[in-house]
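# Topology and contacts: notes
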Amino acid sequence: MNIGKSIRLERIINRDTGRTIIVPLDHGVSVGPIEGIADMRGTVTNIVAGGANAVLMHKGVVRCGHRARGRDVGLIIHLSASTDLSPFPNAKTLVCTVEEAIKLGADAVSVHVNLGDETEARMLDDLGRVTEAAASWSVPVLAMVYARGPKVKKQFDADVVAHCARVGNELGADIVKVPYTGDPDSFARVVAGCCVPVVIAGGPKIDSRRALLEMIAGSVAAGGAGLSVGRNVFQDPDPAKLLAAVTAIVHEGAGVDAAMESLIKE
């Protein structure tokens with residue numbers, strides 16, 4: 001790995017722990033200005049206050065989230081999109097280039113691929129082209145890879161998730177984002193089959209903070225590199241406080257009980 005990519009990776013991955021806390025804010029394209037991302041600058045401020053390593057967003061809202069003050073935070077620009085209004089919401093298409101992302105100050109770029117979708121071939125082609133372009137600019141790539149399609153019966157099965165992670169790895173991604181498989185033992189199999197950092201997605205909104213922290217702790221115990229969780233962070237009543245608890249688990253080795261105690265303290 002060249003020094004340029006190494007430096008950029010260290011802006012989104014803690015160089016001391018080798019782990020990361022990424023908060024995606026790209027949901028506005030898929031579902032609109034939902035609660036938590038209407039005020040991007042305020043949301044980013046809270047995320048930074050909680051200790052997140054990076055935020056992830058589409059190119060047009062970088063200006064909306066830029067604070068021009070306070071602690072810096074890594075920026076990942078998402079290159080692919082679809083909307084829930086489409087009859088084919090799992091068919092992602094590229095809406096930004098690596099070069100555009102660099103001009104906006106990105107430390108990394110991300111691409112979403114849904115394996116098993118009827119348009120899988122195009123999404124795989126997009127990922128391959130993005131990793132090629134990113135390599136020429138020494139820009140890290142985060143691949144979000146999920147199994148979603150008519151042949152997929154168990155999208156959280158360890159073998160299926162391991163396949164997703166391996167696809168991102170094989171096509172040149174520097175970080176792979178996949179769903180959590182439900183327990184540390186099965187997720188360890190996912191991590192073992194991938195030679196780049198693996199982070200977990202948050203999925204649908206979880207009602208319990210403890211459940212979220214247990215999922216994160218389990219993934220880290222299995223060798224995971226952290227998380228890339230959106231709604232379960234930015235729609236929390238106090239994102240900064242929640243992220244402080246997540247930081248304790250991911251970067252400081254705290255247990256779930258200790259992290260929960262910090263959440264209930266005033």
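What this report covers is the structure whose coordinates are included nearby. Being a predicted model, the structure only gives us computed values, none of them experimental.

About the criteria used
- Residues numbered from 1 in each chain as written.
- Predicted model: local features only at pLDDT ≥ 70, side-chain atom pairs only at ≥ 80, totals over all residues.
- Heavy atoms only, no water.
- Helix = DSSP H or I, 4+ residues; strand = E, 2+ residues; numbered from the N terminus.
- Rg over C-alpha atoms; globule rule 2.2 N^0.38 Å.
- Buried < 20%, exposed > 50% of the residue type's maximum accessible area, 1.4 Å probe, protein only.
- Areas by Shrake-Rupley, 256 points an atom, 1.4 Å probe, with all protein chains shown as cover.
- Lys, Arg positive; Asp, Glu negative; His and termini not counted.
- Charge placed at Lys NZ, Arg CZ, Asp CG, Glu CD.
- Expected span 1.5 Å × (residues − 1).
- Contact = heavy atoms within 4.5 Å.
- Polar contact = N/O pair within 3.5 Å; in protein donor to acceptor, adjacent residues only side chain to side chain.
- Arc of directions from axis to C-beta.
- Axes fitted to C-alpha atoms, helices over the stretch in contact; angles between N-to-C directions.
- Parallel < 35°, antiparallel > 145°, perpendicular 65-115°, else oblique.
- Left-handed = near helix turned anticlockwise from the far one by under 90°.
- Nonpolar A, V, L, I, M, F, W, Y, C, P; charged D, E, K, R; others polar.
- Core = buried A, V, L, I, M, F, W, Y, C linked by side-chain atoms within 4.5 Å.
- Salt bridge = Lys/Arg side-chain N within 4 Å of Asp/Glu carboxyl O.
- Pairing = 2+ DSSP bridges.

### Things to note about the overall build of the chain
When helices and strands are tallied, the chain shows 12 helices and 10 strands. Taken against the 2.2 N^0.38 rule, which gives 18 Å for 266 residues, the C-alpha radius of gyration of the chain at 17 Å falls within 12% of a compact globule. Here the chain holds 266 residues, and the buried ones make up 51% of them. Of the roughly 12,000 Å² of accessible surface on the chain, 53% is carried by carbon and sulfur atoms. In the chain, which carries 28 positive and 30 negative side-chain charges, the distance between the mean positions of the two groups comes to 3 Å.

### Side note on helix 9 (residues 209-221)
Taking 1.5 Å of rise per residue, the 13 residues of helix 9 would be expected to cover 18 Å, and the 18 Å separating its terminal C-alpha atoms lies within 8% of that figure. Each element contacted by the buried residues of helix 9 is listed here: helix 8 (184-192), strand 9 (198-201), strand 10 (226-228), helix 10 (231-234), helix 11 (239-252) and helix 12 (256-264). The N-terminus of helix 9 is capped by S208, whose side-chain oxygen sits 3.3 Å from the backbone nitrogen of R210. A positive phi of about 105 degrees marks G223, the residue just after helix 9.

### Examining helix 6 (residues 120-137)
Helix length check: helix 6 (18 residues) gives 26 Å between terminal C-alpha atoms against 26 Å at 1.5 Å per residue, within 8%. For helix 6, the full list of buried residues reads M123, D126, L127, V130, T131 and A134. For helix 6, the buried positions fall inside an angular range of 130 degrees around the axis, keeping them on one side. Along helix 6, exposed side chains directed more than 90 degrees from the buried face belong to A121, R129, E132 and S136.

### Topic: the packing of helix 9 against helix 12
Running from N to C, helix 9 and helix 12 point in directions that differ by 140 degrees, and their axes come no closer than 10 Å. With respect to helix 12, the element helix 9 is oriented oblique. Crossing of helix 9 against helix 12: the hand is right-handed. Of helix 12, the residues touching helix 9 (which contributes R209, R210, L213, E214 and A217) are V256, D257, A259, M260 and L263. Of the residues assigned to the contact of helix 9 with helix 12, the class counts are 6 nonpolar, no polar and 4 charged.

### Points about unusual backbone geometry
What is expected of a backbone is that most residues other than glycine have negative phi and most peptide bonds are trans. Phi at A68 takes a positive value of approximately 60 degrees, unusual for a residue other than glycine. By the secondary structure assignment, A68 is in the loop between helix 4 (62-65) and strand 3 (74-78). Non-glycine residue S138 carries a positive phi angle of around 60 degrees. With respect to the helices and strands, the residue S138 is situated in the loop between helix 6 and strand 7 (141-147). Judged by relative accessible area, S138 falls into the buried class, the value being 15%.

### Digging into the nonpolar core
Counting residues in hydrophobic clusters, the biggest one holds 70 residues, and the most contacted among them are L25, L79, V178, F187 and L213. Leave out the neighbours within four places in its chain, and L25 touches I37, M40, T43, V44, I47, V55, L56, M57 and F234. Core analysis: the next-biggest nonpolar cluster, separate from the first, contains 15 residues, I12, I13, A54 and Y146 among them.

### Describing the side chain of D117
Following the sequence through the fold, D117 ends up in the loop between strand 6 (108-115) and helix 6. The side chain of D117 sits in the buried core without any salt bridge; R122 is the nearest counter-charge, 6.8 Å away. Among the polar contacts listed, one links the side chain of D117 to the side chain of T119, at a separation of 2.5 Å. With near-sequence residues (within four places) excluded, D117 lies in contact with N90, A91, M123, R148 and G149.

### Brief notes about the pairing of strand 1 (residues 20-24)
With 5 of 5 residues buried, strand 1 lies mostly within the body of the structure. Across the two faces of strand 1 the burial is the same, with T20, I22 and P24 and I21 and V23 all buried. Examined bridge by bridge, strand 1 and strand 10 share 3 bridges and lie parallel to one another. If you follow I22 over to strand 10, its bridge partner there is S228.

### A word on the sheet that holds strand 10
Picture the strands of a sheet paired through backbone hydrogen bonds; they go either parallel or antiparallel. The 8 strands are arranged 1-2-3-6-7-8-9-10 in a closed barrel whose pairing can be described as parallel. On average, each strand axis in the sheet is tilted by 30 degrees relative to the strand beside it, whichever way the strands run. Looking at chain direction, strand 3 and strand 6 are connected through 3 bridges and run parallel. Among the inter-strand pairings, I77 is bridged to a residue of strand 6, identified as V109. Sheet strands touched by helix 6: strand 6 and strand 7. Its angle to strand 6, the strand with the most contacts, is close to 160 degrees. Across the sheet, helix 8 touches strand 8 (175-178) and strand 9, and the angle it forms with strand 9 is around 135 degrees.

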